[in-house]
Structures are given as C-alpha cells and as structure tokens.
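Close look at the chain arrangement
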Amino acid sequence: MLVLSRKLGQKIRINDTIVITILDVQNGLVKVGVDAPRDIAVYREELYKEIRDANQKAASPVQELPRFVKPVTPVVTE
Amino acid sequence: MSSSMSPVLGSPVPTTRFGTLTTYQPLVFTRPILGFEAFTQYSLLPDLSGFPEESPLVWLQSLQSPGLAFVLTQPHLFHMPYELDVPDDCLLALELEPKDVTPDDLQVYTLVTIPDANLALATTNLLAPIIIAPAKGTAVQWVLNNPNYPTKALLVAQTQSS
C-alpha cells in the first residue's frame, strides 16, 4: 500500500482524472473530497461491503421458488 | 413489459434452472452487481412458481454462469412505498440521454433474498436497486443516497402491516 501524508487542503491525484482533497480534519474525522469522472463509482467502504454481502446472500437461491403469488391488496378499514 | 423486452433468438445459453435458453433478451450491466463484477450479462425470466397466478417475482439469470441467478421484485407489488430520483449519472451509465428520459424508459427492480427457502423471511434490498433501460438493453445496480432504505426490508411483513 502506498502511504502518503497530506495536510489540510492538499490533494492526491490518481491518473489524470481522479483528485482526492483533504477538506477538513477534526476530532479524528477526516472530510475527503473526491473528484472523479462520472463512470467511476465511489462508495464508502462499509456501504460497498454491506451491499456486496447482501448481493452474495441473494445470489443463486433455491432451484425452484416456493409458490409465491402476488399478495392480496390489503383491505383498508375506514 | 414493452415490446423491446420481447425475447430474441440468441446463442443457446445453458442454465441450471431453466434448461437451455434459446430466445432471450440480453441485458448488459454497465455498473455491476457489486461482488459480481465478472458477470455482466443477464436476462430477465418470469417466475412461474405461482402459475397460473401471476408471481410478483422475476428471475435475473446470468448468461455467463449457468447456476448464477437472482430473484427480483418491484416493491410496489408488496405495497412498499418506494420512490427514487434517478440521477443523471445513472441515466448516463444506462447509455440514456438524461434530458430525453421519461419514467417509461426505466424499470426498477430490487433484489430478493429468501433465507432457507422460507418466504416468510424474504427480504429485499431497497438501498441498491437494479435499474434497467429495456430499449437499450442496459442495466445497473445503483446505490441510493437514502438512509431510509435498508438492504433488508421484510417483504411479507410489509404486505401484512400496510
């Protein structure tokens, strides 16, 4: 892993197109700005993992689904 | 389902659940299903488990891996309130021109997880829907910026409590 030290307001450039800026540092919280082309997906790591894990649990379920019909529209009582 | 989604003759694709597909509408994921970056080609297939009654579920079958399939639904079929603003970046990823897009150009599905094949435990991922542009044959998994939408919303409980 490449480790870089940056001060507030300094940037890191990745290739020609991705720029990461240190916007704020307070009480152990670092605010980071990411400028990247629109086709680059940027995720918080924990969110990426949550969705990847959810996808893996959803993948390739039972061979045949149990009988699952459209739920009946609930009766609304006035 | 629009006519653009009608199946077309393609190279035969083996699957473990549906036999060999010969007519299908291919979908190319231009933003991958996270964790499945190697698999970008799928087709939507109907779920016939409730036949002759209509199922609220559809299958998303990989065209590259015979055993890989996902179950999808549309949350409104379970009376779940679900609204999303599809950002321009998502439309561009779908190879659509944002200023020309109407809601009819998009289909929104969510992934369904069925633990232990028990439908009472089924959940759906409202945070990261599958958005499809049928006319383009493109699809994305798009991660929403909405903390109100969980990755595990109970499907059946919603139908009972709504």
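Residues numbered from 1 in each chain as written. Chains lettered and ligands numbered in written order. Predicted model: local features only at pLDDT ≥ 70, side-chain atom pairs only at ≥ 80, totals over all residues. Heavy atoms only, no water.

1. Let's talk about the confidence of the model for chain B
All names here are of chain B. Summing up the model confidence of chain B, the mean pLDDT is 88 and the portion of residues at 70 or higher is 92%. When mean pLDDT is taken per element in chain B, strand β9 (residues 130-133) scores highest with 98 and helix α2 (residues 155-161) scores lowest with 58. In the predicted assembly, ipTM is 0.87 and pTM is 0.85. (pLDDT = per-residue confidence, 0-100. Helix = DSSP H or I, 4+ residues; strand = E, 2+ residues; numbered from the N terminus.)

2. Comments concerning the nonpolar core
Core analysis: the biggest nonpolar cluster contains 40 residues, and Ile51 of chain A together with Leu94, Val112, Ile131, Val140 and Trp142 of chain B have the highest contact counts within it. The residues touching Val140 of chain B, leaving out its near neighbours within four places in the chain, are Phe29, Thr30, Arg31, Cys90, Ala93, Leu94, Pro129, Ile130 and Ile131 of chain B. In terms of nonpolar packing, the next biggest core, distinct from the first, is built from 18 residues, Phe29, Tyr42, Tyr109 and Ile132 of chain B among them. (Core = buried A, V, L, I, M, F, W, Y, C linked by side-chain atoms within 4.5 Å. Buried < 20%, exposed > 50% of the residue type's maximum accessible area, 1.4 Å probe, protein only. Contact = heavy atoms within 4.5 Å.)

3. What to know about the sheet that holds strand β2 (residues 18-26) of chain A
Strand-to-strand pairing in sheets goes through backbone hydrogen bonds, with the strands running parallel or antiparallel. Residues and elements named next belong to chain A. Strand order in the open sheet formed by three strands is β1-β2-β3, with antiparallel pairing between adjacent strands. Each edge of the open sheet is held by one strand with a lone partner, namely β1 (11-14) and β3 (29-35). Ignoring strand direction, the axes of neighbouring strands in this sheet form an average angle of 25°. Examined bridge by bridge, β1 and β2 share four bridges and lie antiparallel to one another. The residue bridging Ile12 from the neighbouring strand is Ile20, located in β2. (Pairing = 2+ DSSP bridges. Axes fitted to C-alpha atoms, helices over the stretch in contact; angles between N-to-C directions.)

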